[in-house]
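# An overview of the molecular structure
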Amino acid sequence: MSRIILYGFDGSTYVRTVRMLLAEKKVPYEQVPVHVLKREPHHPEHLVRHPFGKVPVVDYDGFRIIETSAIAPFLDEVLPGPSFTPDNPRDRARMHMAMGIVDSYGYPALIGVAGFHLFPDFIGGPNEEARRQSIAKSRLVLTELMKLRGKDAFLAGAQPSLGDFYLAPICFYVGLTPDAAEVFGVEGFAAWWERMQALPSYQATAPQLG
Ligand SMILES: N[C@@H](CCC(=O)N[C@@H](CS)C(=O)NCC(=O)O)C(=O)O
């Protein structure tokens, strides 16, 4: 059996993306809880692993991988169990669109909303104008992702994919804030969110708060 070491603490949304995938694959792994709010990704020993000071990082039998967009597809391909990458090229493109949208626009906007309420020190203090902009951008992101989903149960088809594992951990934090109803009040979101929260891999990877 391969040895997998995951660097990153449970509170990280990108780390949870990888943890959800590993939970779905039912594969054991070791975890080194590099803590983002304690700024541990910027400590010298972690910068050796990830020169840009981020988590997750994965070692797979000594092969080091950084960036979730590389880690998740790699693990999905090499590990046994069901695949979370659609076979069909169009659905696969939808999955990659979802991952790209979350990475480029969704994460900053949604974490902007969550950070305003939950980690104001980490994001540089509460800023009401930034909060309003983050809410508007978050709604745009979720609206477009739900259009991408269309009539399917999940973002790229009838089954969950890596795209869903990207989005759900970030929504978790927004769901803890007083802005959740406004951010989540876009067409189609509620049904998707209910399905995601029911997944055992989502439930098994909830971060311990406090
Ligand atoms: N592009 C990276 C982004 C990962 C990322 O932003 N991770 C956050 C935690 S969710 C982090 O490490 N932040 C540390 C920091 O910015 O100081 C990836 O896809 O893995």
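Every residue gets a number counted from 1 within its own chain, in the order that chain's sequence is written. Only residues with pLDDT of 70 or above have their local features reported here, since the model is predicted, and side-chain atom pairs are shown and tallied only from 80 upward, although totals for entire chains, interfaces and linings are computed over all residues. The side-chain figures draw on all heavy atoms in the structure; neither hydrogens nor water molecules are used.

### Quick notes on the packing of aromatic side chains
- Stacked, tilted and edge-to-face pairs are distinguished by plane angle, under 30 degrees for stacked and over 60 for edge-to-face with tilted covering the rest, among Phe, Tyr and Trp rings (Trp via its six-membered ring) whose centres lie within 6.5 Å. In total, this model carries 13 aromatic pairs according to the counting rule given.
- Aromatic side chains Trp 193 and Tyr 202 sit 5.7 Å apart centroid to centroid with 80° between the ring planes, which places their arrangement in the edge-to-face category.
- Burial status follows relative accessibility: with a 1.4 Å probe on protein chains alone, a residue under 20% of its type maximum counts as buried, one over 50% as exposed, and anything between as partly exposed. The buried category is assigned to Tyr 202, whose relative accessible area is 7%.
- An aromatic cluster is defined as three or more aromatic residues linked by ring pairs; in this entry it consists of Phe 184, Phe 189, Trp 192, Trp 193 and Tyr 202.
- When the ring centre of Phe 172 is taken as reference, the NZ or CZ atom of Arg 16 above it lies at 5.1 Å. Whether a charge sits over a ring depends on NZ of Lys or CZ of Arg being within 6 Å of the ring centre and within 35 degrees of the ring normal.

### Thoughts on the sheet that holds strand β2 (residues 30-32)
- With mixed pairing, four strands are arranged side by side in an open sheet as β2-β1-β3-β4. Edge strands, defined here as strands with exactly one partner in the open sheet, are β2 and β4 (63-66). The sheet shows a mean angle of 20° between the axes of neighbouring strands, direction not considered.
- Strand pairing is assigned whenever DSSP identifies at least 2 bridges connecting the two strands. Runs of H or I in DSSP of at least four residues are treated as helices and runs of E of at least two as strands, each being numbered from the N terminus. Looking at chain direction, strand β3 (residues 57-60) and β4 are connected through four bridges and run antiparallel. The partner of Tyr 60 across the bridge, within β4, is Phe 63.
- Together, β3 and β4 form the strand contacts of helix α3 (residues 68-78), whose direction differs from that of β4 by roughly 130°. To get an axis, fit a line to the C-alpha atoms, keeping to the stretch in contact for a helix; angles then go from 0 to 180 degrees between the N-to-C directions. The contact criterion used is simple: two residues touch if any of their non-hydrogen atoms lie within 4.5 Å.

### Describing the nonpolar core
- Here the nonpolar core consists of buried residues drawn from Ala, Val, Leu, Ile, Met, Phe, Trp, Tyr and Cys, with membership extended through side-chain atoms lying within 4.5 Å. In terms of nonpolar packing, the biggest core is built from 61 residues, with Leu 167 and Trp 192 touching the most fellow members.
- Per-element tally for this core: the top contributor is helix α6 (residues 162-174), with ten residues.
- Marked domain ranges trace back to an automatic or database domain assignment. Counting only domains with at least three residues in this core, you end up with domain 1 (4-78) and domain 2 (89-203).
- Sequence-distant contacts of Leu 167, defined by excluding residues within four places in its chain, comprise Val 102, Leu 110, Leu 142, Leu 145, Met 146, Leu 155 and Trp 192.

### Quick notes on the domain arrangement of the protein
- When cut into domains, the protein gives domain 1 (4-78) and domain 2 (89-203).
- Here the C-alpha centre of domain 2 lies 21 Å away from the C-alpha centre of domain 1.
- Once two parts are brought into contact, the accessible area they lose, counted with a 1.4 Å probe and summed over both, makes up the buried area. On the domain 1 side of the interface with domain 2, the three residues burying the most area are Tyr 14, Arg 16 and Met 20, jointly 37% of the side's total.
- The definition of a polar contact used here is a pair of N or O atoms within 3.5 Å, where within protein one atom must be able to donate a hydrogen and the other to accept one, and adjacent residues in sequence count solely through side-chain atom pairs. Here domain 1 is connected to domain 2 by six residue pairs in polar contact (both at pLDDT 80 or more).
- Elements represented by at least two residues in the side of domain 1 that touches domain 2 include exactly α1 (13-25) and α3.
- Of the residues forming the side of domain 1 that touches domain 2, the biggest block, eight residues, is contributed by α1.
- Polar here means any residue other than Ala, Val, Leu, Ile, Met, Phe, Trp, Tyr, Cys and Pro, which are nonpolar, and Asp, Glu, Lys and Arg, which are charged; Gly is therefore polar. Of the residues in the side of domain 1 that touches domain 2, the class split is eight nonpolar, five polar and four charged.

### Here we look at the site of the ligand
- We call a residue near a molecule or strand when any one of its heavy atoms sits within 4 Å of it. The ligand sits among Ser 12, Thr 13, Tyr 14, Val 36, His 42, Gly 53, Lys 54, Val 55, Pro 56, Glu 67, Thr 68 and Tyr 107.
- At 2.7 Å from an oxygen atom of the ligand is found a side-chain nitrogen or oxygen belonging to Lys 54.
- At 2.6 Å, a side-chain N or O of Glu 67 approaches a nitrogen atom of the ligand.
- Tallied by class, the residues present in the shell around the ligand amount to five nonpolar, five polar and two charged.

### Quick look at unusual backbone geometry
- A cis amide bond links Val 55 with the next residue in sequence, Pro 56, at an omega value of 10°.
- Structurally, Pro 56 is set in the loop between α2 (44-49) and β3.
- Phi at Lys 26 takes a positive value of approximately 55°, unusual for a residue other than glycine.
- Positive phi, close to 60°, is recorded for Arg 39, a residue that is not glycine.
- Note that Arg 39 resides in the loop between β2 and α2.
- On the basis of relative accessible area, Arg 39 is assigned to the partly exposed category, the value being 43%.

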